[in-house]
Amino acid sequence: MENAISTSLRRLPVYVLIDCSGSMSGEPIAALEMGFRSLMADLTSDPQSLDTVWLSVITFASTAEQLVPLTDIVDFDPPHLEAGGTTALGEAIELLTERLLAEVRPTTPEQKGDWKPMVYVLTDGSPTDDWEGPVDDFRSRELASVIACGAGPEVDEGVLKRLGQTVIRLHDTQPGTLGAFMKWVTMSVNTVSRSVGTRATLNEMLPDLPEERGIRLVP
Amino acid sequence: MGSDKKQTENSDIRQKARTKEEVASIVRDLAKKYRIPKVVLEARLTSYVAEPYYQREIDVYEVERRLRELAEPESQRTAAKQQQSEAATQTGKVPASAQQRLVNAPIAPSPPNEGQESRSAEKSKASVKTESATDMGGPEPQVARHAEVRGTSDEATEVAMDESRGPAPAPIAPEWKVLEPKDRTEPVDHEVCKSVDRDEHWKIVAGSVRGKLHAHKALWRDDAFAFDWTDDWTILAVSDGAGSARISRVGARIACDEAVETLKTLLTNFRPSSADPDSPSEPDLMRIRTFLVEAARKAQAGILREAKARSCSHKDLYATLLVMVHRPLDRQHLVAAIQVGDGAVGIFSGDGNCTLMGVADHGEYSSETRFLTTPYIEHEFEQRVTFSIKKDIRCLAAMCDGVSDDFFPEGERLVELFVGDPIKELKQKSGEPVRGVMRSVLKEADKANALVEWLKYEKKGSSDDRTLLLMYRNDLL
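To start, this report covers the structure provided alongside it. All figures in this text were calculated on a predicted structure; none of them were measured in a lab.

## Digging into the overall build of chain A
Okay, step 1: Of the regular secondary structure elements, chain A holds seven helices and seven strands.
Okay, step 2: Along chain A, helices (α) and strands (β) appear in the sequence β-α-α-β-β-α-β-α-β-α-β-α-α-β when read from the amino end.
Okay, step 3: Buried residues in chain A amount to 63% of all 219 residues.
Okay, step 4: Once local pairs closer than 6 in sequence are excluded, the contacts in chain A between residues at least 24 apart make up 72%.

And the structure:
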């Protein structure tokens, strides 16, 4: 009964994919956990986001897991994150594709679809699994607006560009940087939720990045 | 929940130790009832009992009473917020650093055993005044900026009551602001309505209201409508300016006016030539289609001309167009429409059925619509014309997507707009159910204002401008 969603309600689905490989353990992962708490608090204090945003969290290390299925922001529980293992980005994208197809409602004659989903992928390294196939398959389906974010020097920018329409670099994985990043994610979800239906493009909608915190857009 | 024996005791709730699961389910119920985020509620409970809520027996009724108290005028809420954040820093009751932000959530009126509270509440009164003044709008740039950042500010776990949702049970949700646009160019009224007697049978009533998202973002209403008639022909038009376009309200206005004026000229003296007065011939229909296409072309040309005159991009004037013409035949009615972009035209007839004309074109994800000045759209104008010949029409409705989306899928549900009793998922501001326009608006004396009030219904996730044009048989209501 909790899953009975009105056929005429348009949701803004937001998927956040977090790299939980060993290099993220300790402060970075704690900063992200905290980031989710304030994201939750901020989004629920905006009337438009509260009405429309649904959130899912997928983590990937040696394997990928959907920690939080797509959930009404009101019912969202900030997840507990654990880091350790390698970087199975390919598996994460495969899982993302599967979840998008299962959880997001396209527009059909019988049903008004959701707004185009937003996907944020945060990684601090290079993929350790077979990623090209899943990433290319995912891109070709055009299921979502993807913002690919790389933190620290180990990131392969080529992978990010192949994955997302928008690519963002974080200078490092310091808690301050990740905190500022999560805040930007929150702001961008807020602005996108207010812009749905205005038919603006993704880049028009995204707020400015906090460059002073070492976060910048890759042209 | 509690066993019957214990109900007699006053303090049973407080004394009963609850499992984490029990409390979690109570919290979930409360969060649902008051529509507040679960974490915010948890944070409130945490500040109330001064430790993670599930580690202690809590009096849920006491908590609920406090929640109800939160449903107070904004001034008190603001005071409470300030007082709470002060209390949090002063008393150091914050349990864990990760919780810190959440504990700043307003809990009102905070735990009673703290002396400094009343002082801080008074102190905050000055700020309260400016705060509530924002609601009435007024071009107050500072205040408006405050509204913009509020949703994203770091410690603003602000949970205010949405005044528009009615009193019981008092909902506690972030508040929709009503702000005046800072950009004072090209002003339009936030609400407009018109009611006209077309002739002895037909009346027209039209209304358009600014959506709550535009009010919240201090933007103008982007929708427009126009109507007119000539001989037996009636012309109705609505247009929805794109929310992302800077002056789309101007585009929408031009689109409606150009289309209606063009059709009025073309239809004057045009009578179906068919021998059978009840069945227009193929050439007649072709001509009407040509007229509608011409109306869309003129609307498009008008927008392009305006863009040139203003030296701006036609994208700044992006607008949809939906025009319909109606003519009574002998025992039937002819309705023809052209639709560019989303929105809907519905025909309600005496048998209680609703016919939907045209198909709105949104892409796989609904944000991808088309506009009058989308390149090469003019090649599609012809195929965007639809006809309907029907008996016993009682009401015609043309609307922008701000209304039609709330009746999705329109093919099945648009009939509710006319006679729904009640209409699913729609609520009046007072919390009362909403009934179809033929059962409510059209039965009122002042139909224009009744329509504007009707258009202000509440529906979760629906915050667009809303525009609805109705033409109805007054003598057959």
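## Quick look at the overall build of chain B
Okay, step 1: Per the secondary structure count, chain B includes 17 helices and eleven strands.
Okay, step 2: Going through the 477 residues of chain B one by one, you find that 54% of them count as buried.
Okay, step 3: Excluding contacts between residues fewer than 6 apart, the proportion of contacts in chain B whose partners are at least 24 apart in sequence is 68%.
Okay, step 4: Carbon and sulfur atoms provide 49% of the accessible area of chain B, an area that totals close to 20,900 Å².

## Topic: the side chain of Arg 327 of chain B
Residues and elements named next belong to chain B.
Okay, step 1: Residue placement: Arg 327 occurs in strand 5 (residues 321–328).
Okay, step 2: Taking relative accessible area as the criterion, Arg 327 reaches 9% and is therefore assigned buried.
Okay, step 3: Beyond its immediate stretch of four places on either side in the chain, Arg 327 contacts Asp 232, Trp 233, Phe 270, Arg 271, Pro 272, His 333 and Leu 334.

## Considering the nonpolar core
Okay, step 1: Counting 46 residues, the largest nonpolar core has Val 14, Phe 36, Tyr 120, Leu 122, Ile 147 and Leu 170 of chain A as its most contacted members.
Okay, step 2: Of all elements in the fold, only strand 1 (12–19), helix 1 (27–43), strand 2 (53–60), strand 4 (118–123), strand 5 (145–151), strand 6 (166–170), helix 6 (175–195) and helix 7 (202–205) of chain A reach the threshold of two or more residues within this core.
Okay, step 3: For this core, the element with the most residues is helix 6 of chain A, which contributes eight residues.
Okay, step 4: Residues within four places of Tyr 120 of chain A in sequence aside, it is in contact with Val 14, Tyr 15, Val 16, Leu 17, Ile 147, Trp 184, Val 185, Ser 188 and Val 189 of chain A.
Okay, step 5: Membership of the second largest hydrophobic core comes to 41 residues, among which are Trp 233, Val 250, Ile 288 and Ile 303 of chain B.

## Description of the pairing of strand 1 (residues 191–197) of chain B
Okay, step 1: As judged from the seven bridges shared by strand 1 of chain B and strand 2 (residues 202–209) of chain B, these two strands associate in the antiparallel manner. Bridging across to strand 2 of chain B, Asp 197 of chain B finds its partner in Lys 203 of chain B.

## Describing the packing of helix 3 (residues 89–103) of chain A against helix 4 (residues 132–141) of chain A
Residues and elements named next belong to chain A.
Okay, step 1: Helix 4 packs onto helix 3 with a crossing angle of 30° between their chain directions and a minimal axis gap of 8 Å. By the angle class used here, helix 3 and helix 4 are roughly parallel. Classified by chirality, the crossing of helix 4 by helix 3 is left-handed. Where helix 3 approaches helix 4, its residues Gly 90, Ile 93, Glu 94, Leu 96, Thr 97, Leu 100 and Leu 101 are matched on the opposing element by Pro 134, Val 135, Asp 137, Phe 138 and Arg 141.
Okay, step 2: For the contact of helix 3 with helix 4, the residue count by class is seven nonpolar, two polar and three charged.

## Overview of a negative patch on the surface
Okay, step 1: Among the surface-exposed residues, Glu 91, Glu 94, Asp 130 and Glu 132 of chain A lie close enough to one another that they form a single negatively charged patch.
Okay, step 2: Within the secondary structure layout, Glu 132 of chain A lies in helix 4.

## Here's the deal with the packing of aromatic side chains
Okay, step 1: Using the criterion set out here, one finds eight aromatic pairs over all chains in the structure.
Okay, step 2: An angle of 25° between the planes, with centres 5.2 Å apart, marks the rings of Phe 348 of chain B and Phe 418 of chain B as stacked. On the criterion of sequence distance, the pair formed by Phe 348 of chain B in strand 7 (residues 344–349) and Phe 418 of chain B in helix 16 (residues 415–419) is long-range, its members being 70 residues apart.
Okay, step 3: Judged by relative accessible area, which is 7%, Phe 348 of chain B ranks as buried.
Okay, step 4: Taken together, the ring pairs in this structure connect Trp 233, Phe 270 and Phe 291 of chain B into an aromatic cluster.
Okay, step 5: Directly above the ring of Trp 115 of chain A sits Arg 10 of chain A, whose terminal nitrogen or CZ lies 4.5 Å from the centroid.
Okay, step 6: The positively charged end of Lys 194 of chain B is found above the aromatic ring belonging to Phe 227 of chain B, 5.6 Å away from the centroid.

## Side note on the sheet that holds strand 6 (residues 332–340) of chain B
All names here are of chain B.
Okay, step 1: A sheet is described by the order of its strands in space; here five strands give the open sequence 3-4-5-6-9, paired in antiparallel fashion. Edge positions in the sheet fall to strand 3 (223–230) and strand 9 (385–391), since each has one partner strand and no second. Strand after strand, the sheet turns through a mean of 15° between neighbouring axes, direction not considered.
Okay, step 2: In terms of strand pairing, strand 3 meets strand 4 (residues 233–240) through eight bridges, oriented antiparallel. When the sheet's bridge partners are listed, Ala 226 is paired in strand 4 with Ala 237.
Okay, step 3: Against the sheet, helix 12 (residues 248–267) engages strand 3, strand 4 and strand 5, with an angle of about 10° to strand 3.
Okay, step 4: Against the sheet, helix 13 (residues 282–309) engages strand 4, strand 5, strand 6 and strand 9, with an angle of about 35° to strand 6.

## So, helix 12 of chain B
Okay, step 1: For helix 12 of chain B, with 20 residues, the first-to-last C-alpha span of 28 Å sits near the 28 Å given by 1.5 Å per residue.
Okay, step 2: Looking one or two places after helix 12 of chain B, you find Asn 269 of chain B, whose phi comes out positive at around 70°.

## Examining the environment of Arg 221 of chain B
Residues and elements named next belong to chain B.
Okay, step 1: By the secondary structure assignment, Arg 221 is in the loop between helix 11 (212–216) and strand 3.
Okay, step 2: Each residue touching Arg 221, except ones within four places of it in the same chain, is listed here: Val 188, Asp 189, His 190, Glu 191, Val 192, Ser 208, Val 209, Arg 210, His 214, Arg 249 and Asp 465.
Okay, step 3: A polar contact is formed between the side chain of Arg 221 and the side chain of Ser 208, at a distance of 2.7 Å.
Okay, step 4: Here the side chain of Arg 221 touches Asp 223 through a polar contact of 3.2 Å, landing on its backbone oxygen.

## Comments concerning the sheet that holds strand 7 (residues 215–218) of chain A
All names here are of chain A.
Okay, step 1: The seven strands are arranged 3-2-1-4-5-6-7 in an open sheet whose pairing can be described as mixed. Two strands in the sheet have a free side with no partner beyond their single neighbour: strand 3 (64–72) and strand 7. Neighbour-to-neighbour, the strand axes of the sheet open up by a mean angle of 15°, direction not taken into account.
Okay, step 2: Most of the contacts of helix 1 go to strand 1, to which it runs at about 170°, and overall it touches strand 1, strand 2 and strand 4.

## Some points on unusual backbone geometry
Okay, step 1: Between Phe 408 of chain B and the following residue, Pro 409 of chain B, the backbone shows a cis peptide bond with an omega angle of -10°.
Okay, step 2: Residue Pro 422 of chain B follows Asp 421 of chain B across a cis peptide bond; omega there is -5°.
Okay, step 3: Considering the arrangement of structural elements, one finds Pro 422 of chain B in the loop between helix 16 and helix 17 (447–454).
Okay, step 4: Phi is positive for Glu 142 of chain A, close to 50°, though the residue is something other than glycine.
Okay, step 5: Relative to the helices and strands, Glu 142 of chain A is located in the loop between helix 4 and strand 5.
Okay, step 6: Using a relative accessible area of 57% as the deciding quantity, one classes Glu 142 of chain A as exposed.
Okay, step 7: Of note, the phi angle at Glu 186 of chain B is positive, near 50°, even though the residue is not glycine.
Okay, step 8: When you line up the elements, Glu 186 of chain B lands in the loop between helix 10 (141–150) and strand 1.

Calculation notes
- Residues numbered from 1 in each chain as written.
- Chains lettered and ligands numbered in written order.
- Predicted model: local features only at pLDDT ≥ 70, side-chain atom pairs only at ≥ 80, totals over all residues.
- Heavy atoms only, no water.
- Helix = DSSP H or I, 4+ residues; strand = E, 2+ residues; numbered from the N terminus.
- Buried < 20%, exposed > 50% of the residue type's maximum accessible area, 1.4 Å probe, protein only.
- Contact = heavy atoms within 4.5 Å.
- Areas by Shrake-Rupley, 256 points an atom, 1.4 Å probe, with all protein chains shown as cover.
- Core = buried A, V, L, I, M, F, W, Y, C linked by side-chain atoms within 4.5 Å.
- Pairing = 2+ DSSP bridges.
- Axes fitted to C-alpha atoms, helices over the stretch in contact; angles between N-to-C directions.
- Parallel < 35°, antiparallel > 145°, perpendicular 65-115°, else oblique.
- Left-handed = near helix turned anticlockwise from the far one by under 90°.
- Nonpolar A, V, L, I, M, F, W, Y, C, P; charged D, E, K, R; others polar.
- Patch = residues over 30% accessible without salt bridge, like charges linked within 9 Å, V, L, I, M, F, W, Y side chains within 5 Å.
- Salt bridge = Lys/Arg side-chain N within 4 Å of Asp/Glu carboxyl O.
- Lys, Arg positive; Asp, Glu negative; His and termini not counted.
- Charge placed at Lys NZ, Arg CZ, Asp CG, Glu CD.
- Phe/Tyr/Trp six-rings, centres within 6.5 Å; stacked < 30°, edge-to-face > 60°.
- Lys NZ or Arg CZ within 6 Å of the ring centre and 35° of its normal.
- Expected span 1.5 Å × (residues − 1).
- Polar contact = N/O pair within 3.5 Å; in protein donor to acceptor, adjacent residues only side chain to side chain.

It is worth stressing that arrangement in space is one thing and function is another; only the former is reported here.
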